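Structural features, examined
Spelled out, the chains give:
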Amino acid sequence: GAVVSQHPSRVICKSGTSVKIECRSLDFQATTMFWYRQFPKQSLMLMATSNEGSKATYEQGVEKDKFLINHASLTLSTLTVTSAHPEDSSFYICSATRGTNYGYTFGSGTRLTVV
Amino acid sequence: GQQVMQIPQYQHVQEGEDFTTYCNSSTTLSNIQWYKQRPGGHPVFLIQLVKSGEVKKQKRLTFQFGEAKKNSSLHITATQTTDVGTYFCAGDPQGGKLIFGQGTELSVKP
């Protein structure tokens, strides 16, 4: 089956620093990956669509300069939270699919805590 | 904007009882998908429904897609403690960008 690996699983950082989260498709190529944010007991909120070789598409209200997305290869997308603040603390999850007849495979998520 | 509403938000059942969660989209969907997220975990794909009126079964789970392709349901027969988690529906209007419902958190009392 399709496997998506996400690292790190947990990170604690100081306010003002930047954190990079990696999302890799291990056994398939993903021209598109999706980044979500999830608050406790809430649903997944789509932040942006990561497109291999081109700019990411951000959802309304998501600051593109704060959440930098790079999709440099067919198997890797990165999300960098720049100048992190405590309100950025959340669970970030990526997903990708191997095709229209398949569901989406999610990474294991990254729990970010900004102190 | 496009929305997918899911009810109930919480459901507490006794082991052996049935459970159903419902989703309703504000727009027609090309497909609807269902995911399960265990506490502390990430969403795991369960199934995708594409055809109008489609019904699919996975052991004790039955998934339905409405005739108008705007609503869907997940029914679990005779719940077990292993069914605990949050069940999300996710609608795909088109283009692969999923819109998630709010999720239904299921707890099962042994």
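One structure accompanies this document, and this report is about it. Model, not experiment: these values are computed from the prediction. (Residues numbered from 1 in each chain as written. Chains lettered and ligands numbered in written order. Predicted model: local features only at pLDDT ≥ 70, side-chain atom pairs only at ≥ 80, totals over all residues. Heavy atoms only, no water.)

**Here's the deal with the interface of chain B and chain A**
- The interface is formed by 16 residues belonging to chain B together with 20 residues belonging to chain A.
- Roughly 1,400 Å² is buried in total at the junction of chain B and chain A, and carbon and sulfur atoms are behind 53% of that figure.
- By the criterion of area lost to chain A, the three top residues of chain B are His 42, Lys 97 and Phe 100 of chain B, representing 31% of everything that side buries.
- Run the count over chain B and chain A and you get two salt bridges.
- The residue Lys 41 of chain A makes a salt bridge to Glu 105 of chain B at a minimum N-O spacing of 3.1 Å.
- For the pair chain B and chain A, the number of links is five residue pairs in polar contact (both at pLDDT 80 or more). (Contact = heavy atoms within 4.5 Å. Buried area = accessible area lost by both parts, 1.4 Å probe. Salt bridge = Lys/Arg side-chain N within 4 Å of Asp/Glu carboxyl O. Polar contact = N/O pair within 3.5 Å; in protein donor to acceptor, adjacent residues only side chain to side chain.)

**Concerning the state of the cysteines**
- Enumeration according to the criterion identifies two disulfides over all chains in this entry.
- In this model, Cys 23 of chain A is linked to Cys 94 of chain A through a disulfide, with the two sulfur atoms separated by 2.0 Å. With the S-S dihedral at roughly 85°, the linkage between Cys 23 of chain A and Cys 94 of chain A falls on the right-handed side. One end of the pair, Cys 23 of chain A, is in strand E3 (residues 19-25); the other, Cys 94 of chain A, is in strand E9 (residues 90-96), with 71 residues separating them in the sequence. Like Cys 94 of chain A, Cys 23 of chain A is buried.
- Paired through a disulfide, Cys 23 of chain B and Cys 89 of chain B show a sulfur-sulfur distance of 1.7 Å. Since a negative S-S torsion denotes a left-handed disulfide, the Cys 23 of chain B-Cys 89 of chain B link at about -90° is left-handed. Linking Cys 23 of chain B in strand E3 (residues 19-25) with Cys 89 of chain B in strand E9 (residues 85-92), this pair joins segments that are 66 residues apart in sequence.
- The class of Cys 89 of chain B is buried, set by a relative accessible area of 0%.
- Note on Cys 13 of chain A: no disulfide assigned, nearest cysteine sulfur contributed by Cys 94 of chain A at a separation of 18 Å. (Disulfide = S-S within 2.5 Å. Helix = DSSP H or I, 4+ residues; strand = E, 2+ residues; numbered from the N terminus. Buried < 20%, exposed > 50% of the residue type's maximum accessible area, 1.4 Å probe, protein only.)

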